[in-house]
Amino acid sequence: MIKLSCLSLFQIVCFLCSSTALANIDYIKPFDVDFVHYHAKLEPDFKDQSVAGIVQIDFMPIAKNVRTLTFSAEYKSIKSINLNGKPAQFSLHDKQLIIDTSKSLSAEKLNTLAIEYQAKPRRGMRFHEDHLYTVYHTKNWLVAHNNINDKASFELELIHDKKLISQGNGLMLSQKKLGEHQVISHWHQPNAMPIYTFGFALGEFESFTQKVNETTFSFLYTKGSELSKKSIQNAFSDVPDMLQFFEQKSGFPLPQGTYAYVIVEGRIAQESAGFSLVGERFVHTVLKNKSENWFIAHELAHEWWGNSVTCANFSHFWLNEGLVQFLVAAYKQHLFGEQAYKDEINVAIRRVKRAVKENRVAPVAFYNEINEQEINRTMAYSKGALVFYMLREKLGDKLFWQALKQYTMTYKDKSVTTQDLKSSFEKTTSKDLSDFFNRWVYGHEIPTLQL
Ligand SMILES: [Zn+2]
């Protein structure tokens, strides 16, 4: 599903008449195909560190005369491709899979690709002796497009040993026996999500669930872990309060009514749709010091800001990460008091100061589109968080939280640009925020804050 454009009729008129207006519109690269739904049936191979199976992709051309479809072929071998039930011609060039549709596909008509393949990704999937999980780079293990502006729903049928436990996106619809030793776990993510949030974990996990009103939280951890059910319950004891806080700030409940934390070794904090991977090291830290619970809040907050309301391209990455970093600070203020908020904002100030010293300064957002490698993470995460801090100071608590809630509800399950945030805040607060955004978001200026 696609955010086609953020241009209003008024902006289009300005766009045509004035080059100044052109510079003040967030640019979204147009594209000609809308990928709607993915349905994969996959079997991971622990020994070979690979995954094999078939993915069905439902898509709709937007442009007329679509003749080719391009996906990443990195780490993959393609066995067969069918388009609408008939074999399709394809070629591999420079790590790209190019599918020839043989004739032009009609715009606005749904088509289905079925691709049988094997992937052996060196990035995006991590194999351990008794468990494995995917991390962020979906296109490395799934034949998928890589445009974060085009969200899609996802079904995953995972074939695995019946002794293993799986975690996928959304809800598990069923688990069926396959022969004597295997099962097929069928996961379904009905809401359209950015592709990088598609994923799964599988392993000899221990697990338990916890009900928080209507929401079920699952906790999965490896059998060899030093952690126990009790220590995990202790480390994650603030989760019910976090859930309430983010639901209140966003204006709507946790999208699927379920959420899982998959606890794996090391230091990892990565959100997927409906679950996150969190590192054992972080869990041990929070057991020693309760105020180190940032990663638990950060990944949960992404369910609303990042997964549901998603930046339309990497020029607006701060709308995922800067906002979530700010919200973690605001949550800590709610839980631990004013000093905890200041401490968290001070961390962002220090990181930005270091970036200035090292000459790593850039705007927080860009009118033109930048690619993922061009993201300045300190600016997107830390200066981004400071921008939200300053916006809260400028508007006052009542207006700020009202505007954030309105923005989040308006763009639920959609993609956003910085201009969408600006317009939404301006509408709710009846204030012109042009100077603020030009100076702090699109400009290079670094705020001198002292808390
Ligand atoms: Zn994040």
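Residue numbering note: each chain is counted from 1, following its sequence as written. Note on the predicted model: pLDDT of at least 70 is required for a residue's local features to be given, and 80 or more for side-chain atom pairs to be given and counted; whole-chain, interface and lining totals, by contrast, use all residues. Water and hydrogen atoms play no part in the side-chain values, which are based on all heavy atoms of the structure.

S.K.: I would appreciate a short explanation of the coordination of the zinc ion in the present structure.
M.R.: For Na, K and Ca the donor cut-off is 3.2 Å, and for all other metals it is 2.8 Å, counting N, O and S atoms only; because water is absent from this set, sites may look incomplete. Around the zinc ion, the protein contributes the donor atoms His 298 (NE2), His 302 (NE2), Glu 321 (OE) and Glu 321 (OE), which lie 2.1 to 2.7 Å from the metal centre. The geometry test gives tetrahedral to four donors whose angles all lie between 85 and 135 degrees, gives square planar to four donors and octahedral to six donors whose opposite members are over 155 degrees apart with all other angles between 65 and 115, and gives irregular to the rest. Given four donor atoms and angles of 52 to 149 degrees at the metal, the environment of the zinc ion is assigned as irregular. Each donor residue of the zinc ion belongs to the same chain, with the gaps between them written as H-x3-H-x18-E. Of this pair, His 298 sits in helix H7 (residues 294–301) while Glu 321 sits in helix H8 (residues 318–336), and the two are 23 residues apart along the sequence. Glu 321 shares its class with His 298; the two are buried. Only runs of H or I of at least four residues qualify as helices and only runs of E of at least two qualify as strands under DSSP, and these elements are numbered from the N terminus. Under the scheme applied here, a residue whose accessible area is under 20% of the maximum for its type counts as buried, over 50% as exposed, and between as partly exposed, the area being computed with a 1.4 Å probe on protein chains only.

S.K.: How do you make sense of the sheet that holds strand S12 (residues 165–167) when you look at a structure like this?
M.R.: Note: strands within a sheet are paired through backbone hydrogen bonds, in either parallel or antiparallel orientation. At least two bridges found by DSSP between two strands is the condition for calling them paired. Pairing within the open sheet is antiparallel, and its four strands lie in the order S9-S10-S15-S12. In the strand order of this sheet, the two ends are held by strand S9 (125–127) and S12, each with one partner. Across the sheet, the axes of successive neighbouring strands diverge by a mean angle of 5 degrees, strand direction being ignored. Pairing of strand S10 (residues 131–134) with strand S15 (residues 201–203), which is carried by three bridges, proceeds in the antiparallel orientation. Of the residues in S15, the one forming a bridge with His 131 is Gly 203. The angle between two axes is taken between their N-to-C directions and runs from 0 to 180 degrees, where each axis is a line fitted to C-alpha atoms and a helix contributes only its stretch in contact.

S.K.: Can you help me understand the side chain of Thr 408 in this one?
M.R.: Within the secondary structure layout, Thr 408 lies in helix H11 (residues 397–410). For Thr 408, a relative accessible area of 0% translates into the label buried. Any pair of nitrogen or oxygen atoms within 3.5 Å is treated as a polar contact; in protein, a donor-acceptor pairing is required on top of that, and neighbouring residues in sequence qualify only through side-chain atoms on both sides. Of the polar contacts made by the side chain of Thr 408, one reaches the side chain of Trp 305; its length is 2.9 Å. Thr 408 has contacts with Ser 250, Phe 252, Trp 305 and Val 309, leaving out every residue within four places of it along the chain. What makes two residues a contact is simply this: any of their non-hydrogen atoms within 4.5 Å.

S.K.: What am I meant to see in the packing of aromatic side chains here?
M.R.: When we look at a pair of aromatic rings, we describe it by the centre distance and by the angle of the planes. In this analysis, rings of Phe, Tyr and Trp, with Trp reduced to its six-membered ring, are considered paired at centre separations within 6.5 Å, and the interplanar angle assigns stacked below 30 degrees, edge-to-face beyond 60, and tilted for intermediate values. Per the counting criterion, the structure on display carries 37 aromatic pairs. Measuring from centroid to centroid gives 5.1 Å for Phe 208 and Phe 219, while their planes differ by 20 degrees, and the two rings are stacked. Separated by eleven residues along the polypeptide, Phe 208 in strand S16 (residues 205–212) and Phe 219 in strand S17 (residues 215–222) bring together distant segments of the chain. For the residue pair Phe 208 and Phe 219, the accessibility class agrees, reading buried in each case.

S.K.: Explain the pattern of salt bridges to me, please; I cannot follow it from the model alone.
M.R.: Where charged atoms of side chains with opposite charge meet at close range, the side chains can pair. Basic side-chain nitrogens of Lys or Arg form a salt bridge, by our definition, when they fall within 4 Å of a carboxyl oxygen of Asp or Glu. For the coordinates displayed, the defined rule picks out eight salt bridges. Put simply, Glu 74 and Lys 95 hold a salt bridge, and the shortest N to O gap is 3.6 Å. Of this pair, Glu 74 sits in the loop between strand S3 (66–72) and strand S4 (76–83) while Lys 95 sits in the loop between strand S6 (89–93) and strand S7 (96–105), and the two are 21 residues apart along the sequence. Overall, Lys 95 belongs to the exposed group, its relative accessible area being 55%.

S.K.: Could you clarify how one ought to interpret the domain arrangement of the chain in this entry?
M.R.: Interfaces are often sized by the accessible area lost when the parts come together. Domain ranges listed in this record stem from an automatic or a database domain assignment. Domains assigned within the chain are domain 1 (33–203), domain 2 (205–308) and domain 3 (311–441). Between domain 1 and domain 2, the contact holds 26 residues from the first and 21 residues from the second. The contact between domain 1 and domain 2 buries some 1,900 Å² in all, and 60% of this surface belongs to carbon and sulfur atoms. Contact with domain 2 buries surface across domain 1, with Tyr 133, Ile 165 and Gln 167 losing the most and accounting together for 24% of the total. Where domain 1 touches domain 2, the interface holds zero salt bridges. What gets called buried area is simply the loss in accessible area from a 1.4 Å probe that two parts show on being joined, summed for both.

S.K.: Explain the packing of H8 against helix H9 (residues 338–357) here, please?
M.R.: Between two packed helices, both the angle of their axes relative to each other and the distance between the axes serve to describe the pair. Contact pair H8 / H9: the axes reach a minimum separation of 6 Å and the direction vectors enclose 155 degrees. It follows from the interaxial angle that H8 and H9 lie roughly antiparallel. Residues Gln 325, Phe 326, Val 328, Ala 329, Ala 330, Lys 332, Gln 333 and Phe 336 of H8 form the contact with H9, whose participating residues are Glu 338, Ala 340, Tyr 341, Glu 344, Ile 345, Ala 348 and Arg 351. Residues are grouped as follows: nonpolar covers Ala, Val, Leu, Ile, Met, Phe, Trp, Tyr, Cys and Pro; charged covers Asp, Glu, Lys and Arg; every other residue, Gly included, is treated as polar. A breakdown of the residues in the contact of H8 with H9 according to their chemical character gives nine nonpolar, two polar and four charged. What sets the label is the angle itself: under 35 degrees gives roughly parallel, over 145 gives roughly antiparallel, 65 to 115 gives roughly perpendicular, and the rest give oblique.

S.K.: Help me understand the pairing of strand S14 (residues 182–193), please; the structure alone is not making it clear to me.
M.R.: Looking along a regular strand, one sees side chains alternate from face to face of the sheet. The buried count for S14 comes to nine of twelve residues, which makes it a mostly enclosed element. Sheet topology places strand S11 (residues 152–161) next to S14; nine bridges connect them, and they run antiparallel. Counterpart to His 160 in the pairing with S14 is Val 183. Pairing geometry for strand S13 (residues 171–178) and S14, over seven bridges, is antiparallel. Paired with Leu 178 across the two strands is Gln 182, which belongs to S14.

S.K.: I would appreciate a short explanation of the pairing of strand S8 (residues 111–119) in the present structure.
M.R.: Sheet topology places strand S2 (residues 50–61) next to S8; nine bridges connect them, and they run antiparallel. Counterpart to Gln 56 in the pairing with S8 is Ala 114. Bridge count between S4 and S8: seven bridges; the pairing is antiparallel. Bridge pairing in S8 places Ile 81 opposite Ile 115.

S.K.: Can you help me understand H8 in this one?
M.R.: Along an α-helix, residues three or four positions apart point the same way, because every turn accommodates 3.6 residues. The span you would expect from a helix comes to 1.5 Å times its residue count less one. Taking 1.5 Å per residue as the helical rise, H8 with its 19 residues ought to reach 27 Å, and the 25 Å between its terminal C-alpha atoms agrees with that figure. Looking one or two places after H8, you find Gly 337, whose phi comes out positive at around 105 degrees.

S.K.: Looking at this structure, I do not really get H7. What am I missing?
M.R.: Counted residue by residue, H7 has seven buried out of eight residues, so it is predominantly covered. Taken together, the buried positions of H7 are Phe 295, Ile 296, Ala 297, His 298, Glu 299, Leu 300 and Ala 301.

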